[in-house]
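Structure assessment
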Amino acid sequence: PTGRWQLVFELGANKVRHEIQVEDFMPERMALELSGSAQPLTPEQQLLVEVSGRFLYGAAAVGSQVQGQLFVRPLREALESWPGYVFGSVTEELQPQSHDFTTQITDSEGKAQLALASQWQDAKSPLELVSRVSLLESGGRPIMRRQLQAVWPAPELVGIRAHFANQHTEQNSTAVFSLIKANAKGELLAANSLQVRLIRERHDYYWSYSESGGWTT
């Protein structure tokens, strides 16, 4: 049956309650279109999301509320045209980020703009900004769409691809890698004097101590 329902979870001496609303299914009555920059942003640039809403019978969604939330995540495979190539620093740790856009009201053409100043200006690796935007009908029922925006720390990036699976090679085998330098269009560029450093990490070792030599591995 439709109406407000409540789930109650009993966890020992504690109770957790969660309410849900069950409604009859209603098809969407509005259309929502989102657009952003066709090119990757620099880490210092603000994010702009252009919003356009209309009713499916043709009229613009005038005076409607637009709400949104932004999620920031790493964009390791930054170019779809070069699958398997990883860009940016694998040692750079990005803390999960989420931000709320300021609520906007659509104008006489059913348009609005969501803006957010950069909170990721120190990024040294490609990022993907995921904007989740809702357009509210007069009764408060939302329709939701998603907009993706890339952020590049430089106009050109170097990507690396490992020719072995699961980041592991067989013992006594040869580890093979491919390198490319490309721009945001996926065009390959010449690269001279790239410095390559291979680091071997020993994960299994034992410490021993002696009075004459101190601690050794």
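Residues numbered from 1 in each chain as written. Predicted model: local features only at pLDDT ≥ 70, side-chain atom pairs only at ≥ 80, totals over all residues. Heavy atoms only, no water.

To continue, consider the environment of Lys 15. Mapped onto the elements of the fold, Lys 15 is located in strand β2 (residues 14–22). If we ignore the near neighbours within four places in the chain, the residues touching Lys 15 are Val 8, Phe 9 and Glu 10. (Helix = DSSP H or I, 4+ residues; strand = E, 2+ residues; numbered from the N terminus. Contact = heavy atoms within 4.5 Å.)

Let's shift gears to the confidence of the model for the protein. Across the protein, the average pLDDT comes to 91, with 100% of residues at 70 or higher. Taken element by element, the predicted model of the protein shows its lowest mean pLDDT in strand β15 (residues 214–216) (86) and its highest in strand β9 (residues 111–116) (97). (pLDDT = per-residue confidence, 0-100.)

Moving on to the pairing of strand β11 (residues 142–151). Two elements, strand β10 (residues 127–136) and β11, share 10 bridges in a ladder whose sense is antiparallel. Bridge assignment links Ser 134 to a residue of β11, and that residue is Met 144. Taken together, β10 and the strand that follows it, β11, pair antiparallel across an intervening segment of five residues, in which Gly 140 is found at a positive phi of about 95°. (Pairing = 2+ DSSP bridges.)

The next point concerns a nonpolar patch on the surface. Nonpolar side chains collect at one region of the surface, where Trp 5, Leu 7, Phe 9, Leu 11, Val 16, Ile 20 and Val 22 lie side by side and expose about 600 Å² of accessible area between them. Among the secondary structure elements, those contributing two or more residues to the nonpolar patch are β1 (3–11) and β2. At four residues, the largest contribution of residues to the nonpolar patch is made by β1. Examined against the element boundaries, Val 16 turns out to sit in strand β2. (Patch = residues over 30% accessible without salt bridge, like charges linked within 9 Å, V, L, I, M, F, W, Y side chains within 5 Å. Areas by Shrake-Rupley, 256 points an atom, 1.4 Å probe, with all protein chains shown as cover. Salt bridge = Lys/Arg side-chain N within 4 Å of Asp/Glu carboxyl O.)

To continue, consider the nonpolar core. Taken as a class, soluble globular proteins show a tendency for nonpolar side chains to be buried jointly. In this structure, Leu 47, Val 51, Leu 70, Trp 120 and Leu 129 are the most contacted members of the largest nonpolar core, which totals 24 residues. Only β3 (30–35), β4 (47–55), β5 (65–74), β9, β10 and β11 provide two or more residues apiece to this core. Look past the residues within four positions of Leu 129 in its chain and what remains in contact with it is Leu 41, Leu 47, Leu 70, Phe 71, Val 72, Trp 120, Gln 147, Leu 148, Gln 149 and Val 151. The next biggest cluster of nonpolar side chains, apart from the first, holds nine residues, and it includes Leu 75, Phe 87, Ile 180 and Ala 182. (Core = buried A, V, L, I, M, F, W, Y, C linked by side-chain atoms within 4.5 Å. Buried < 20%, exposed > 50% of the residue type's maximum accessible area, 1.4 Å probe, protein only.)

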